[in-house]
Amino acid sequence: PAASCGETPQPPGCKVADQVDWDRQRSLGAIRYVLSDRDAKGKMRDPGVVRETRETLLVVAEKLSRTAAGSAYGRTLGAFAKWGSNGEIARQALLLHAAERASGGEVSHEATAANTLAHLLGRNLFGRSFVTKLGNEPPEHPHHRPSMVFSDAWPGYLVGGPNPSVKSWSDSWLAFKSNEVAINWNAGLAYAAGRFHVCGAAGTRALEWVQGNKTAAPKVEAGL
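A quick note: this is a predicted structure, and the numbers were derived from the prediction, not measured. (Residues numbered from 1 in each chain as written. Predicted model: local features only at pLDDT ≥ 70, side-chain atom pairs only at ≥ 80, totals over all residues. Heavy atoms only, no water.)

*Asks:* Just checking my understanding: could you explain the overall build of the protein for this structure?
*Replies:* Within the protein, the secondary structure is distributed over 8 helices and 0 strands. If you list the helices and strands of the protein from N to C, you get α-α-α-α-α-α-α-α. Of all 224 residues assigned to the protein, the portion counted as buried reaches 49%. When contacts within the protein are restricted to residue pairs at least 6 apart in sequence, long-range pairs at least 24 apart make up 62% of them. (Helix = DSSP H or I, 4+ residues; strand = E, 2+ residues; numbered from the N terminus. Buried < 20%, exposed > 50% of the residue type's maximum accessible area, 1.4 Å probe, protein only. Contact = heavy atoms within 4.5 Å.)

*Asks:* Can you walk me through helix α1 (residues 26–35) in this structure?
*Replies:* For α1, the full list of buried residues reads S27, A30, I31, V34 and L35. One face of α1 carries all of its buried residues, which in axial projection span an arc of 110°. Those residues of α1 that are buried are in contact with α2 (47–69) and α3 (85–102). (Arc of directions from axis to C-beta.)

*Asks:* Even after reading the chapter, I still don't get helix α4 (residues 107–120), so can you show me in this structure?
*Replies:* Three or four residues apart is the spacing at which side chains of an α-helix point the same way, because the helix has 3.6 residues per turn. With 14 residues, α4 extends 20 Å between its outermost C-alpha atoms, agreeing within 8% with the 20 Å of an ideal straight helix rising 1.5 Å per residue. For α4, the buried fraction is high: 12 of the 14 residues fall into the buried class. Taken from the residues just after α4, G122 is the one with a positive phi, measuring 140°. (Expected span 1.5 Å × (residues − 1).)

*Asks:* Before we go on, may I ask you to explain the nonpolar core in this structure?
*Replies:* Nonpolar side chains in soluble globular proteins tend to be buried together. Within the largest apolar cluster, 34 residues are counted, with the highest numbers of intra-cluster contacts made by L57, L95 and L158. Put simply, the parts of the chain that give this core at least two residues each are α1, α2, α3, α4 and α7 (183–198). If you tally residues by element for this core, the top one is α3, at 8 residues. What L95 contacts, discounting residues up to four positions off in sequence, is V16, A17, D18, V20, S27, I31, L57, V60, A61 and L64. (Core = buried A, V, L, I, M, F, W, Y, C linked by side-chain atoms within 4.5 Å.)

*Asks:* How should a nonpolar patch on the surface be read in this particular structure?
*Replies:* Taken together, the side chains of V149, F150 and W154 make up a nonpolar region of the molecular surface, amounting to roughly 360 Å² of accessible area. Following the sequence through the fold, F150 ends up in helix α5 (residues 145–150). Residue classification places F150 among the exposed positions, given a relative accessible area of 59%. (Patch = residues over 30% accessible without salt bridge, like charges linked within 9 Å, V, L, I, M, F, W, Y side chains within 5 Å. Areas by Shrake-Rupley, 256 points an atom, 1.4 Å probe, with all protein chains shown as cover. Salt bridge = Lys/Arg side-chain N within 4 Å of Asp/Glu carboxyl O.)

*Asks:* Just to check I follow, could you spell out the state of the cysteines for this structure?
*Replies:* What makes a disulfide is a covalent bond joining the sulfur atoms belonging to two cysteines. Under the criterion given, the structure shown has 1 disulfide. Bridging C5 to C14, the disulfide has an S-S length of 2.1 Å. Since a negative S-S torsion denotes a left-handed disulfide, the C5-C14 link at about -100° is left-handed. (Disulfide = S-S within 2.5 Å.)

*Asks:* For this particular structure, what's the right way to read the side chain of Q19?
*Replies:* With respect to the helices and strands, Q19 occurs in the segment before α1. Residue Q19 is classed as buried on the basis of its relative accessible area, which comes to 13%. Within the local environment of Q19, its side chain forms a polar contact with the side chain of K82, the two groups lying 2.8 Å apart. Look past the residues within four positions of Q19 in its chain and what remains in contact with it is R24, F80, K82, E88 and Q92. (Polar contact = N/O pair within 3.5 Å; in protein donor to acceptor, adjacent residues only side chain to side chain.)

*Asks:* How do you make sense of the packing of α1 against α3 when you look at a structure like this?
*Replies:* The packing of two helices is summarised by the inter-axis angle and the distance between the axes. Interhelical geometry of α1 versus α3 gives an angle of 15° and a closest axis separation of 11 Å. Classified by the angle their axes make, α1 and α3 are roughly parallel. Read as a crossing pair, α1 and α3 show a hand that is left-handed. The residues of α3 that touch α1, namely those facing S27, L28, I31, V34 and L35, are L94, L95, A98, R101 and A102. Here the residues of the contact of α1 with α3 sort into 8 nonpolar, 1 polar and 1 charged. (Axes fitted to C-alpha atoms, helices over the stretch in contact; angles between N-to-C directions. Parallel < 35°, antiparallel > 145°, perpendicular 65-115°, else oblique. Left-handed = near helix turned anticlockwise from the far one by under 90°. Nonpolar A, V, L, I, M, F, W, Y, C, P; charged D, E, K, R; others polar.)

Here it is as structure tokens:
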């Protein structure tokens with residue numbers, strides 16, 4: 001059932017995964033299937049599959065929004081950390097934006113995605129941006145060989161972030177477990193940032209919702 005896909009850990013078999021990575025790509029196809037505009041007459045897609053996939057997408061998005069609302073810094077992963085946590089957070093913006101579209105404009109998901117971007121750019125436990133040369137006190141020593149050779153961080157790279165716990169991050173050339181860079185992490189960042197740049201109205205709606213909705217203020221829990 002779609003409802004069980006909002007549980008942690010997520011059970012197997014869900015049409016939309018709560019994490020999107022190189023080994024978890026089914027959500028990309030699921031989102032395309034649900035939001036496709038090439039099937040106006042409804043003859044190319046199975047209505048039952050569309051309905052179940054849409055319901056699962058919304059359940060997953062609600063879980064992410066709920067988790068972020070319970071975090072002091074709007075972290076959609078809550079207290080969970082892994083290798084490349086920041087990349088996962090960035091990619092989850094895709095799920096949130098897709099849910100906003102599938103729901104007909106649920107602005108709370110859009111707001112969660114905006115808060116996620118803010119988290120990566122400095123509103124986090126460390127008070128620092130995770131993107132080189134951008135935001136407040138960005139990483140200066142990413143585990144990135146060209147940057148290491150020139151002793152200067154190349155701009156625009158999202159570092160992996162806390163690993164193995166939410167409090168474990170070191171801005172060090174040799175901290176490959178938490179400070180390396182990867183194309184699949186930057187891809188999520190490029191989407192999350194590009195979505196608000198191209199669709200400026202969506203970002204404005206999200207900001208207005210956060211400012212006008214008192215329940216949007218996250219609760220401080222365990223320094224997350």
